[in-house]
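Working through the structure, step by step
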Amino acid sequence: MYLWGGGGSTIGLVIVIAILAFKKRSSKITKTMAPLTLMPGIFNINEPTLFGLPVVLNVRLIVPFILAPMINATITYFSMASGLVHLTNGTAMPWTIPPIISGFLATGHVSGSLVQMVCIIVDILLYYPFYRTMEKYNLQLEQKESDETKEI
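Being a predicted model, the structure only gives us computed values, none of them experimental.

Topic: the packing of helix H4 (residues 62-81) against helix H6 (residues 110-151)
Axis separation between H4 and H6 bottoms out at 10 Å; the angle between their running directions is 155°. In terms of orientation, H4 lies roughly antiparallel with respect to H6. Here the hand of the crossing between H4 and H6 comes out right-handed. Mapping the contact onto sequence places Val63, Pro64, Phe65, Leu67, Ala68, Ile71, Asn72, Ile75, Thr76 and Ser79 in H4 and Val115, Cys119, Val122, Asp123, Leu126, Tyr127 and Phe130 in H6. Considering only residue class, the contact of H4 with H6 consists of 13 nonpolar, 3 polar and 1 charged.

Here it is as structure tokens:
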């Protein structure tokens, strides 16, 4: 199976952004980027996330961006090597097939979907604390900007 969620397995980040956008106290960037990243992110198109958020050259998100694909590959490898998940059946699928559906099609069994669900949950848990740190920073910047405009 390929890496779902695009480079950096950013589907976990996209889901975190979508969840945080509904909070009363969330930054403007979160509220703006949530609808712009969710639909493309579901279909493994992560350029809006990488360059709009941005994730590229963002020190606060580099650790989960590097770790998420490695953890996903490790989970998938050991679940297939142990026999918990059926091996892939060799079907070449378009990269835009959403996760969970692609897991079923790649293995021909529900176990492929389940391992993808587990990996997406792990990605969410991995990205969440790092994005919260970035969110606090964004809120501080917005507060500082509003204070500066009040002074003028």
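Concerning the packing of aromatic side chains
Counted by the stated rule, this structure contains 1 aromatic pair. Ring geometry for tyrosine 77 against phenylalanine 78: centres 5.1 Å apart, planes inclined by 75°, an arrangement best described as edge-to-face. Summarising the burial analysis for this pair, tyrosine 77 and phenylalanine 78 share the class exposed. The cationic tip of arginine 60 hangs over the ring face of tyrosine 137; the distance from NZ or CZ to the ring centre is 3.7 Å.

Comments concerning the packing of helix H1 (residues 11-20) against helix H2 (residues 28-42)
Two elements in contact, H1 and H2, have axes separated by 8 Å at closest approach and are oriented at 140°. Regarding the angle of H1 to H2, the classification is oblique. At the point where H1 passes H2, the crossing takes the left-handed sense. Contact residues: H1 offers Ile11, Val14, Ile17, Ala18 and Leu20, while H2 offers Thr30, Met33, Ala34, Thr37, Leu38, Gly41 and Ile42. Taken together, the residues that form the contact of H1 with H2 break down as 9 nonpolar, 3 polar and no charged.

Quick look at unusual backbone geometry
A cis amide bond links leucine 53 to the next residue, proline 54, at an omega of -15°. As for its placement among the helices and strands, proline 54 is situated in the loop between helix H3 (47-52) and H4. Of note in this structure, leucine 57 is not a glycine but carries a positive phi near 60°. Judged by its relative accessible area of 85%, leucine 57 falls in the exposed class.

Thoughts on a nonpolar patch on the surface
A cluster of nonpolar side chains, Ile100, Ile101, Phe104, Leu105, Val110, Leu114 and Met117, forms an exposed patch at the surface whose accessible area comes to about 580 Å². Going through the elements one at a time, helix H5 (101-107) and H6 are the ones with two or more residues in the nonpolar patch. By the secondary structure assignment, valine 110 is in helix H6.

Considering the nonpolar core
Soluble, globular proteins show a tendency: their nonpolar side chains are buried together. In terms of nonpolar packing, the biggest core is built from 16 residues, with Leu13, Ile17, Leu53, Val55, Leu61 and Tyr131 touching the most fellow members. At the level of secondary structure, the elements contributing two or more residues to this core comprise H1, H2 and H6. Discounting chain neighbours no more than four positions away, the residues touching leucine 13 are Thr49, Leu53, Val55, Leu61, Tyr127 and Tyr131.

Reading the values: the criteria
Residues numbered from 1 in each chain as written. Predicted model: local features only at pLDDT ≥ 70, side-chain atom pairs only at ≥ 80, totals over all residues. Heavy atoms only, no water. Axes fitted to C-alpha atoms, helices over the stretch in contact; angles between N-to-C directions. Helix = DSSP H or I, 4+ residues; strand = E, 2+ residues; numbered from the N terminus. Parallel < 35°, antiparallel > 145°, perpendicular 65-115°, else oblique. Left-handed = near helix turned anticlockwise from the far one by under 90°. Contact = heavy atoms within 4.5 Å. Nonpolar A, V, L, I, M, F, W, Y, C, P; charged D, E, K, R; others polar. Phe/Tyr/Trp six-rings, centres within 6.5 Å; stacked < 30°, edge-to-face > 60°. Buried < 20%, exposed > 50% of the residue type's maximum accessible area, 1.4 Å probe, protein only. Lys NZ or Arg CZ within 6 Å of the ring centre and 35° of its normal. Patch = residues over 30% accessible without salt bridge, like charges linked within 9 Å, V, L, I, M, F, W, Y side chains within 5 Å. Areas by Shrake-Rupley, 256 points an atom, 1.4 Å probe, with all protein chains shown as cover. Salt bridge = Lys/Arg side-chain N within 4 Å of Asp/Glu carboxyl O. Core = buried A, V, L, I, M, F, W, Y, C linked by side-chain atoms within 4.5 Å.

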